[in-house]
Number of protein chains: 4
Amino acid sequence: MDFRSDNTSTCAPEIMAAVQAANAGIASAYGADELTQRLDAAFSALFECEVAVFLVTTGTAANSIALASAVPPWGGVICHEEAHIACDECGAPEFYSGGAKLLLVRGENAKVAPAAVADMLARHTRSPHAVKPAALSISQTTERGAVYTRDELAALGATARAADLAFHVDGARFANAVAALSASPAQLSWKAGVDLLSFGATKNGAMSAEAIVAFDPARAEEIVRRRKRGGHLLSKGRYAAAQMLAYLESGLWLRLAARANNLAQRLGDAARPFLSAPVESNQVFIKPGNEDLARLRAGGALFYDWGGEDTGEARLVVSWNQAEAEVDAMCALLNTLR
Amino acid sequence: MDFRSDNTSTCAPEIMAAVQAANAGIASAYGADELTQRLDAAFSALFECEVAVFLVTTGTAANSIALASAVPPWGGVICHEEAHIACDECGAPEFYSGGAKLLLVRGENAKVAPAAVADMLARHTRSPHAVKPAALSISQTTERGAVYTRDELAALGATARAADLAFHVDGARFANAVAALSASPAQLSWKAGVDLLSFGATKNGAMSAEAIVAFDPARAEEIVRRRKRGGHLLSKGRYAAAQMLAYLESGLWLRLAARANNLAQRLGDAARPFLSAPVESNQVFIKPGNEDLARLRAGGALFYDWGGEDTGEARLVVSWNQAEAEVDAMCALLNTLR
Amino acid sequence: MDFRSDNTSTCAPEIMAAVQAANAGIASAYGADELTQRLDAAFSALFECEVAVFLVTTGTAANSIALASAVPPWGGVICHEEAHIACDECGAPEFYSGGAKLLLVRGENAKVAPAAVADMLARHTRSPHAVKPAALSISQTTERGAVYTRDELAALGATARAADLAFHVDGARFANAVAALSASPAQLSWKAGVDLLSFGATKNGAMSAEAIVAFDPARAEEIVRRRKRGGHLLSKGRYAAAQMLAYLESGLWLRLAARANNLAQRLGDAARPFLSAPVESNQVFIKPGNEDLARLRAGGALFYDWGGEDTGEARLVVSWNQAEAEVDAMCALLNTLR
Amino acid sequence: MDFRSDNTSTCAPEIMAAVQAANAGIASAYGADELTQRLDAAFSALFECEVAVFLVTTGTAANSIALASAVPPWGGVICHEEAHIACDECGAPEFYSGGAKLLLVRGENAKVAPAAVADMLARHTRSPHAVKPAALSISQTTERGAVYTRDELAALGATARAADLAFHVDGARFANAVAALSASPAQLSWKAGVDLLSFGATKNGAMSAEAIVAFDPARAEEIVRRRKRGGHLLSKGRYAAAQMLAYLESGLWLRLAARANNLAQRLGDAARPFLSAPVESNQVFIKPGNEDLARLRAGGALFYDWGGEDTGEARLVVSWNQAEAEVDAMCALLNTLR
């Protein structure tokens, strides 16, 4: 029963098949191949507007390059204090941006609220002594598995626009959010004011493929240059493009995400008394205390503590291909704690 | 009655005289002049140990270059959330360090407590995902005018050493701290574990002179290079050196700081009912509410609000040459609020 | 007849098979998987000494992270003016190093000679005004397809060591060099004084896998941190590791490189009158003039001009899987120019 | 007889007097003081157009901040291989710009010719692999003491504009150039297409004051932020402003420069047989060979070798206050070499 991470899972068969299929013939290098050339159209169709898309191989690269294209070195990025960009990227946004500052706010379920943004803005008026808030970055789904609703996104988008902040979404698990909400990708992005989206595929069944989606194609040159300079322009671009196209085709991305979300709901039902965050996507947070966590581990479950060591809290992540039997066994184990 | 800042004051006559005296004859450029060459010895005597000293013209430069010499780009600097390096330098530490991260802790009177350091350390164990805490930086005096005692410093020094953190002190108002405590410069620096000190003179009577004091001279080459590369190696170094030597000679630095501290005490006595921080140096924080602050301004007082607009709180700074009459007038005005 | 680049070729079947084989079961994320864990041993065996190995997906990333681990921001990297790091990486070494400077030297066949290194060193003695030369970086094979002999490497290694320069080799085509010389990987690296090697696999049959080989494992932490921070730590590390292991196993890497080298020799023989550089690896440089290049293109050949437009010079690259028939057809076409 | 540098001289009495005069009363900090507020108007009058002016204390800071405001991190700055920004600033432009690349061209008397710019542009068309040339930077006077004529400047300006390059002039000795040419500051700057000028005062009689002159005031915010972040916003700004205002007032800057230029002509006449560059400003380059240089030193002359050690070439710099007697003695000494 391994619920450590959705990064430990394999690549979906449809995606692996696409990689193999791409392995034939000559293909122009550095993104000039036919598969890569199809990405802009595929994403533009998906998002119902013209977008520019840039593949990279990690979410950290996607987030950092996207943010660096939107924030000057003396700028600030407002984000949640538990955000991946703040806690798990070893300072990549600072590196790519030339030393911009993450401005950390608090909020339940790792969500950023418009009021928290406003409060942070109010504290940064002393130009040129303070950095200039230049972007808002949120994670959808959040680091606590929560999902921003369309209304929440629109409110944040309005706040960002009013303050001239670029609005970035770290969508490492964007598929899980779309699957969870009765809303289109467009509604959960540019229609809510999102300027830049890190569109993840790796956790949800790809091998190694993430896309920076720029809703304003004018950002293209800056992103192209920063990607190259970061060492993220693949010479044999066809393989990552093949992954992403297969991921989007016939709705694979949403099917895999919906499956994981549903299984997480099952876990959530079993863990109801111990839930430390609402179960809205493929992550389940429980806080039964250290002793109970030890019991779960003794019962064969693998997972990570959350928020540090010995907090009594843990995270269970359901992967796109998690076996149902494994989920059911975990539910049974959780029931023993009641 | 102008209590806005100690940056609005003039240069002390002793220091101006030294600048003029330096204005004769040929002097080698870029710090090879005789005055600059005397600095290491002067500071080594003052601190009772061999130090390497590097002049710059602003506190921001001193702090940033010192920290960059101690922290890798993937490092973190633990500091108070109100620290000058965090709030007032437009990201200079991030710029000079190549994107290191400031790890903000809270604490009364803008002081960092060892427990807060330990707590931050505990949250940064996920190498290489999290940045690596590499330095502790405090302000002495703090941004709230408080002074770390010898025991407090020693405890922080021990915490830093145990965690392999470089210990930096932003001493823009170090003179005020030394004047306030019955302790030597050595006791308030390397004897307490301090590795790097930004030793300020500008606010306390110089024209434009700040020193980076490195208690481990092995840091010299890195500081020398970073200073040059930051554009802070003065071609005609004699003038800044002359300021600093005059500042140290015959205890001018302590006399000026003690005078300002004493006048601040007088203000503190008058403002006792409204004090929002203890008066331990040359800054006085009051929180009588917005209406009373308006009354003070109507009475002719100049000062800045603190912590944002309309907080009802304000800061009064006493400069090295603040007129006693001005302080007394302000005391009288404060008394009207009781 | 497509001789544009070895980046346009597919992935070798052995490597693709390894990728598929890796696509089963749970694997720890971020390089803690079993395949990645085998890399250090595999490379240590190959190089006959203990090395630390770090996978990335592009040569630009390998070069930049390796150099940044060896050069301070105020350092200089001595390299050939035609080096890939100088001309083709959009400033990635400057980005990763925090602004170090590439110090460009000239030399026949894109080779750096010890005398050129010495000359550059002599021009950088004005500390702290000039940057400090801190690394020597060469390409093996060079950007002109030439190969440094063991003696040439040893001489450069001695020059580097004497000047306290780290010695880096951009080995995007290291396999072609090893295949061309009767020398072991050890002899062409650490035994000649090399400290850091970018060991390429992508051009020679991998999908996307390059290794930073550190001959001093003490560099590990810095490389680990810079890789993470650059967004180059793959979450699902197994796939890149599988490629690299398959590449090394049973000598695939050398077989593929030797084949390409041999076919290039065939082209070289046909192009003898027009050769603008010796044919020592899988690249052939010819300078028959613009008219003859036009004739070759009219005859169905694809290739890039070299050194700018309308120089009358061109580069022909033989890929690992270039069809023999294609090479023979090209030879016939070249013969028509005589 | 000390001709080592114009950085070894004192501060002109008019300027020192202005510094003293500024040392009275309260002055707003961080450039909000009355003297600093007068700078934009003073420079706008001098240059006959609206400019935005930013004081810093070193030429390295002026050059680096100006260039960083004009060049993205993936950009290139075309400059002469002997330029101060290339050889004498320890990588400051790379640091401030976030890793932009200096693209070095050759040219007689350290001048950049339009053809050399065009040639460099032609080598940087491979986007995004090559950096993007984004600025042209020249030194007026050059590092060889030469002066660009109005026509030469206009040709460079046209070349820059055609290629969308920002045009920067390192005017550490701009006064000497204006004094040497029968042209106005406007003619030698924006009328020739110059966008950014580092206007030096320190070498020519100030204590420590250099101005970034932006002919497009829209660049202001970026320069303001970069200056602050570089630690170059002086808290007590009045003293540097006082220097600069005194420097400009009643033509002091041109008088001092003209005097130095004239004395250099005298030296040039005496050194005619050994001149290695035309004498057009306050620097004289001679190449009499090592033995003759030794004779000059034996005769009591101080100066630096040029272009490395034992080149047989030397530089003689005439300072604003060089004694005529000293110049005459040097002329006599030079005459002994004939």
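Residues numbered from 1 in each chain as written. Chains lettered and ligands numbered in written order. Predicted model: local features only at pLDDT ≥ 70, side-chain atom pairs only at ≥ 80, totals over all residues. Heavy atoms only, no water.

I'd like to hear about the sheet that holds strand 1 (residues 52–56) of chain B, residue by residue, with values.
The pairing of strands in a sheet comes from backbone hydrogen bonds and takes either a parallel or an antiparallel form. Residues and elements named next belong to chain B. Strand order across the open sheet formed by seven strands is 1-7-6-5-4-2-3, with mixed pairing between neighbours. One side of each edge strand has no neighbouring strand; the edge strands of this open sheet are strand 1 and strand 3 (101–105). When strand polarity is set aside, the average angle formed by the axes of neighbouring strands in this sheet is 25 degrees. As defined by bridge partners, strand 6 (residues 196–200) adjoins strand 7 (residues 210–214) across five bridges and the pair is classed as antiparallel. The partner of F199 across the bridge, within strand 7, is A211. (Pairing = 2+ DSSP bridges. Helix = DSSP H or I, 4+ residues; strand = E, 2+ residues; numbered from the N terminus. Axes fitted to C-alpha atoms, helices over the stretch in contact; angles between N-to-C directions.)

Summarise the environment of A113 of chain C; cite the residues concerned and give the values.
Take A113 of chain C: it is sitting in the loop between strand 3 (101–105) and helix 7 (114–122). On a C-alpha basis, the gap between A113 of chain C and C79 of chain C in space is 10.0 Å, while along the polypeptide they are 34 residues apart.

An account of the interface of chain A and chain B is needed here, citing residue identities and associated values.
Each side of the interface is counted separately: chain A has 19 residues, and chain B has 19 residues. A combined buried area of about 1500 Å² lies between chain A and chain B, and 41% of that area is made up of carbon and sulfur atoms. In terms of surface lost to chain B, no three residues of chain A exceed C90, E94 and K101 of chain A, which account for 32% of the buried area on that side. One salt bridge in this structure joins E94 of chain B and K101 of chain A, with 2.8 Å as the shortest N-O distance. The interface formed by chain A and chain B contains eight residue pairs in polar contact (both at pLDDT 80 or more). Among the secondary structure elements, those contributing two or more residues to the side of chain A that touches chain B are helix 5 (84–87) and strand 3 (101–105) of chain A. The biggest single contributor to the side of chain A that touches chain B is helix 5 of chain A, with three residues. (Contact = heavy atoms within 4.5 Å. Buried area = accessible area lost by both parts, 1.4 Å probe. Salt bridge = Lys/Arg side-chain N within 4 Å of Asp/Glu carboxyl O. Polar contact = N/O pair within 3.5 Å; in protein donor to acceptor, adjacent residues only side chain to side chain.)

Talk me through the pairing of strand 1 (residues 52–56) of chain D; I want residue IDs and the actual numbers.
The side chains of a regular strand alternate, residue by residue, between the two faces of the sheet. All names here are of chain D. Most of strand 1 sits inside the fold, with five of its five residues counted as buried. In strand 1, alternate side chains face the same way, and those of A52, F54 and V56 on one face and V53 and L55 on the other are all buried. Summarising the sheet, strand 1 and strand 7 (residues 210–214) pair through five bridges and their orientation is antiparallel. Paired with F54 across the bridge in strand 7 is I212. (Buried < 20%, exposed > 50% of the residue type's maximum accessible area, 1.4 Å probe, protein only.)

Let's hear about the relation of the copies chain A and chain B: which residues, and what values?
Between chain A and chain B, which share one sequence, the superposing operator has a rotation angle of 180 degrees and an axial displacement of 0.0 Å; the RMSD is 0.0 Å. Overall, the copies show the geometry of a two-fold rotation axis. The rotation axis passes nearest to the C-alpha of G99 of chain A in chain A, at a distance of 2.1 Å. An overlap of 100% is found between the interface residues of chain A and their copies at the interface of chain B, pointing to a shared contact surface. (Least-squares fit on C-alpha atoms with pLDDT ≥ 70 in both.)

Got a sec to walk through the pattern of salt bridges? Specific residues and values, please.
Any two side chains of opposite charge can pair, on the condition that their charged atoms come close. Within this structure, the stated rule accounts for 69 salt bridges over all chains. The partner of D305 of chain D in a salt bridge is R297 of chain D, with the nearest N and O atoms 3.2 Å apart. By relative accessible area, which is 25% here, D305 of chain D ends up partly exposed. Residues joined by salt bridges that share partners form a network here, namely E82, R144 and E313 of chain A.

Please give an account of the confidence of the model for chain A that cites residues and values.
Looking at chain A, pLDDT values average 96 and 100% of them are 70 or higher. With pTM at 0.97, the complex prediction returns an ipTM value of 0.97. (pLDDT = per-residue confidence, 0-100.)

Pulling in residues and values, what's your account of the domain arrangement of chain A?
Residues and elements named next belong to chain A. Here chain A is described as being made up of domain 1 (12–251) and domain 2 (253–335). Just the C-alpha atoms count here: the centres of domain 1 and domain 2 sit 27 Å apart. On inspection of domain 1 and its partner domain 2, the count reaches one salt bridge. Here E313 ties to R144 by a salt bridge, and the two come within 2.4 Å at their closest N and O atoms. At the junction of domain 1 and domain 2, the tally comes to 10 residue pairs in polar contact (both at pLDDT 80 or more). Of all elements in the fold, only helix 1 (13–21), helix 9 (174–180) and helix 11 (238–248) reach the threshold of two or more residues within the side of domain 1 that touches domain 2. Ranked by residue count, the leading element in the side of domain 1 that touches domain 2 is helix 9, at six residues. (Domains from an automatic or database assignment.)

Account for the relation of the copies chain A and chain C, naming residues and giving values.
Superposing the two chain copies requires a rotation about an axis and a translation along that axis. Laying chain A over chain C is done by rotating through 180 degrees and shifting 0.0 Å along the axis; what remains is an RMSD of 0.0 Å. Counting the interface residues of chain A, we find that 100% of their copies in chain C are interface residues as well, pointing to one common contact surface.

Talk me through the pairing of strand 5 (residues 166–171) of chain C; I want residue IDs and the actual numbers.
Residue and element names in this part refer to chain C. Counting buried positions along strand 5 yields six of six residues, so the element is predominantly enclosed. Burial of the side chains of strand 5 extends over both faces: A166, H168 and D170 are buried on one face and F167, V169 and G171 on the other. Bridge analysis of strand 4 (residues 132–139) against strand 5 gives five bridges, and the strand direction is parallel. Looking at the pairing, I138 lines up with V169 of strand 5. In terms of handedness, the path from strand 4 via helix 8 (residues 150–162) over to strand 5 forms a crossover that is right-handed. By the bridge criterion, four bridges tie strand 5 to strand 6 (residues 196–200) in an arrangement that is parallel. (Right-handed = clockwise from strand over helix to strand, strands pointing away.)

So what's going on with the interface of chain A and chain C? Which residues, and what values?
Contacts between the two partners involve 49 residues from chain A and, on the opposite side, 49 residues from chain C. In this assembly, chain A packs against chain C so that about 4000 Å² is buried in total across both faces, 55% of it on carbon and sulfur atoms. Together, F95, R229 and K236 of chain A form the three largest contributors to the area buried by chain A at its contact with chain C, with a combined 19%. In this structure, the connection of chain A to chain C is made through 36 residue pairs in polar contact (both at pLDDT 80 or more). Looking at the side of chain A that touches chain C residue by residue, the class counts come to 19 nonpolar, 19 polar and 11 charged. (Nonpolar A, V, L, I, M, F, W, Y, C, P; charged D, E, K, R; others polar.)

Give a detailed account of helix 13 (residues 290–298) of chain D, specifying residues and quantitative values.
All names here are of chain D. Along helix 13, the positions that sit buried rather than exposed are D292, L293 and L296. The buried residues of helix 13 all sit within an arc of 105 degrees when viewed along its axis, so they share a single face. Turned more than 90 degrees away from the buried face of helix 13 sit E291 and A298, all of them exposed. Packed against the buried residues of helix 13 are strand 8 (283–286), strand 9 (304–305), strand 10 (314–317) and helix 14 (324–335). (Arc of directions from axis to C-beta.)

Run through the packing of aromatic side chains, naming residues and quoting values.
A complete count under the given rule lists 50 aromatic pairs over all chains for this structure. Summarising the aromatic geometry, the rings of F47 of chain B and F215 of chain B are spaced 5.3 Å apart at their centres and angled 75 degrees between planes, so their arrangement reads as edge-to-face. With a gap of 168 residues between them, F47 of chain B in helix 3 (residues 39–47) and F215 of chain B in the loop between strand 7 and helix 10 (220–229) connect regions that are remote in the sequence. Accessibility classification places F47 of chain B together with F215 of chain B in one group, the buried group. Among the aromatic residues, those joined into a ring-pair cluster are F43, F47, F174, F199, F215, Y247 and W253 of chain A. Looking at K111 of chain C, its charged tip hangs above the ring of Y148 of chain C, at a distance of 5.6 Å from the centre. (Phe/Tyr/Trp six-rings, centres within 6.5 Å; stacked < 30°, edge-to-face > 60°. Lys NZ or Arg CZ within 6 Å of the ring centre and 35° of its normal.)

Before we move on, could you go through unusual backbone geometry and cite the residues and values that matter?
With omega at 0 degrees, the peptide bond leading from Q140 of chain B into T141 of chain B counts as cis. Position of T141 of chain B relative to the elements: it lies in the loop between strand 4 (132–139) and helix 8 (150–162). Unusually for a residue other than glycine, Y30 of chain D sits at a positive phi of about 55 degrees. In this fold, Y30 of chain D is placed in the loop between helix 1 (13–21) and helix 2 (34–37). Phi is positive for D164 of chain D, close to 60 degrees, though the residue is something other than glycine. With respect to the element layout, D164 of chain D can be found in the loop between helix 8 (150–162) and strand 5 (166–171).

Outline the sheet that holds strand 8 of chain D, supporting the account with residue identities and numerical values.
All names here are of chain D. Spatially, three strands are ordered 8-10-9 in an open sheet, and the strand pairing comes out antiparallel. Edge positions in the open sheet fall to strand 8 and strand 9, since each of these has one partner strand only. Sheet topology note: the strand 8/strand 10 ladder contains four bridges and is antiparallel. Note that in strand 10 the partner of V284 across the bridge is L316.

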